[in-house]
Amino acid sequence: MEVTNNFNVPETLMSLAKRDYYSKGKSDYSVTELLSPPRVQRLRRLYHSQMKQDVSQMLWQLMGSALHVVAERGQADGHVTEERLFTTFEGVVVSGAIDVQQEESDGVTIMDYKFTSAWAVMNEKPEWEQQQNVYGWLVRREKKKNVKGVKIIALIRDWNRREAERREDYPKAPIQVISLRLWSHEEAEEFVRNRIAAHNTGKVAVAFDEELPLCSDEDRWVRETKYAVMKEGRKRAVKLFDNEADAKQFAEQEKGYVETRNGEAIRCAGDYCGVSQWCSQYRAENAGGDEGGGVRPEGREE
Ligand code: SF4
């Protein structure tokens with residue numbers, strides 16, 4: 001992938017952006033790759049040499065890399081930092097780099113640092129639970145140790161003291177330790193097996209983009225169409241509806257009118273997957289339509 005420098009940022013930042021902190025070593029799949037949609041992954045591998053990203057758009061990736069370097073330097077008794085584990089399963093090698101493993105006599109607690117938003121902390125992020133539990137599976141398989149907990153250390157980049165005082169559900173500090181549901185070894189293994197099968201299907205279809213597995217609505221960050229009941233002289237909607245008929249009925253009662261807010265696949269439209277220009281699914285869904293860039297929703301990270 002070519003890293004461009006459209007805003008003339010210092011060369012030192014450029015060289016950091018070009019460094020690969022997430023080398024997956026000699027594995028077929030990193031845990032991150034396994035969790036991402038097979039179509040995105042295959043298109044990225046196919047078009048890697050043609051992909052471009054401007055360094056100015058890589059701020060949070062760079063901050064994430066910086067955090068890993070800092071985490072590696074932090075020392076505490078019983079803490080293993082930045083260890084990459086490899087395992088062979090279903091004929092492929094899977095690897096994962098774990099930020100912190102806190103080792104105690106009764107088991108290991110796995111922790112991962114995330115730069116994220118307050119919104120993400122307040123809402124469900126199934127991908128966090130999936131990632132940490134696949135790391136747990138790797139630890140059980142390769143280190144033969146009990147895993148007693150999986151956690152995220154969320155560093156909230158947009159934390160706001162006022163909001164914390166005003167809202168009950170808002171994180172009370174800019175760093176939050178979040179305990180996630182711990183899966184059984186069997187549950188994690190089944191999950192990994194299914195992910196490998198999905199990616200292997202993508203591999204077979206590599207020459208034919210049309211035959212790659214389709215990205216789901218969840219993969220594409222689909223935002224559904226909403227119907228907003230509006231009133232003259234008011235900028236904000238009185239109420240939002242999923243259903244047009246309900247919105248019309250309410251608008252009649254309120255003597256307002258209905259505004260349709262069209263849904264879209266935000267990851268595709270905003271090219272947050274980085275491969276939308278080569279994607280037949282995106283092309284097919286936009287045939288004759290508007291391919292304008294979407295706004296990245298809160299808490300979404302690529
Ligand atoms: S453009 Fe959309 S459908 Fe195509 S790979 Fe990207 S996320 Fe998936």
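These figures come from a predicted structure and were not determined experimentally. (Residues numbered from 1 in each chain as written. Predicted model: local features only at pLDDT ≥ 70, side-chain atom pairs only at ≥ 80, totals over all residues. Heavy atoms only, no water.)

What follows concerns empty space enclosed by the protein. Using the criterion set out here, one finds 1 cavity of 30 Å³ or more in the structure. The space that makes up the largest cavity amounts to roughly 100 Å³. Along its surface, the largest cavity is lined by 14 residues, and Val40, Cys215, Cys268, Cys273 and Cys279 are the ones closest to its centre. Within the residue set of the lining of the largest cavity, elements represented by two or more residues are α3 (38-47), α10 (266-269) and α11 (280-286). (1 Å grid on protein atoms, 1.4 Å probe; cavity = no way out; pocket = protein on both sides within 12 Å on 5 of 7 lines; lining within 4 Å. Points joined across faces, edges and corners; volume = space filled by probe spheres on them. Helix = DSSP H or I, 4+ residues; strand = E, 2+ residues; numbered from the N terminus.)

With 28 residues, the main nonpolar core has Ile110, Trp137, Val139, Val192 and Ile196 as its most contacted residues. Going through the elements one at a time, α2 (31-35), β4 (79-89), β5 (92-104), β6 (107-116), α6 (126-143), β7 (147-156), β8 (175-180) and α8 (185-204) are the ones with two or more residues in this core. Those residues within four positions of Val139 in sequence are excluded, and the remaining contacts are Leu85, Ile98, Gln101, Val108, Ile110, Lys144, Lys145 and Val147. Formed by 13 residues, the second largest nonpolar core is a distinct cluster that contains Ala265, Ala269, Val275 and Cys279. (Core = buried A, V, L, I, M, F, W, Y, C linked by side-chain atoms within 4.5 Å. Buried < 20%, exposed > 50% of the residue type's maximum accessible area, 1.4 Å probe, protein only. Contact = heavy atoms within 4.5 Å.)

With that settled, the discussion passes to the pairing of strand β10 (residues 226-230). Taking burial as the measure, the 5 residues of β10 include 4 buried ones, the bulk of the element. Where β10 meets strand β11 (residues 239-241), 3 bridges bridge the pair, whose relative direction is antiparallel. Across the sheet, residue Val229 finds its bridge partner in β11, namely Lys239. (Pairing = 2+ DSSP bridges.)

Here the protein chain shows a mean pLDDT of 88. Residues at 70 or above account for 90%. Mean pLDDT in the protein chain bottoms out at helix α4 (residues 59-73), which sits at 78, and peaks at α6, which reaches 97. Within the model, the stretch residues 290-295 combines pLDDT values under 50 with 15 contacts to residues more than four positions away or in other chains. (pLDDT = per-residue confidence, 0-100.)

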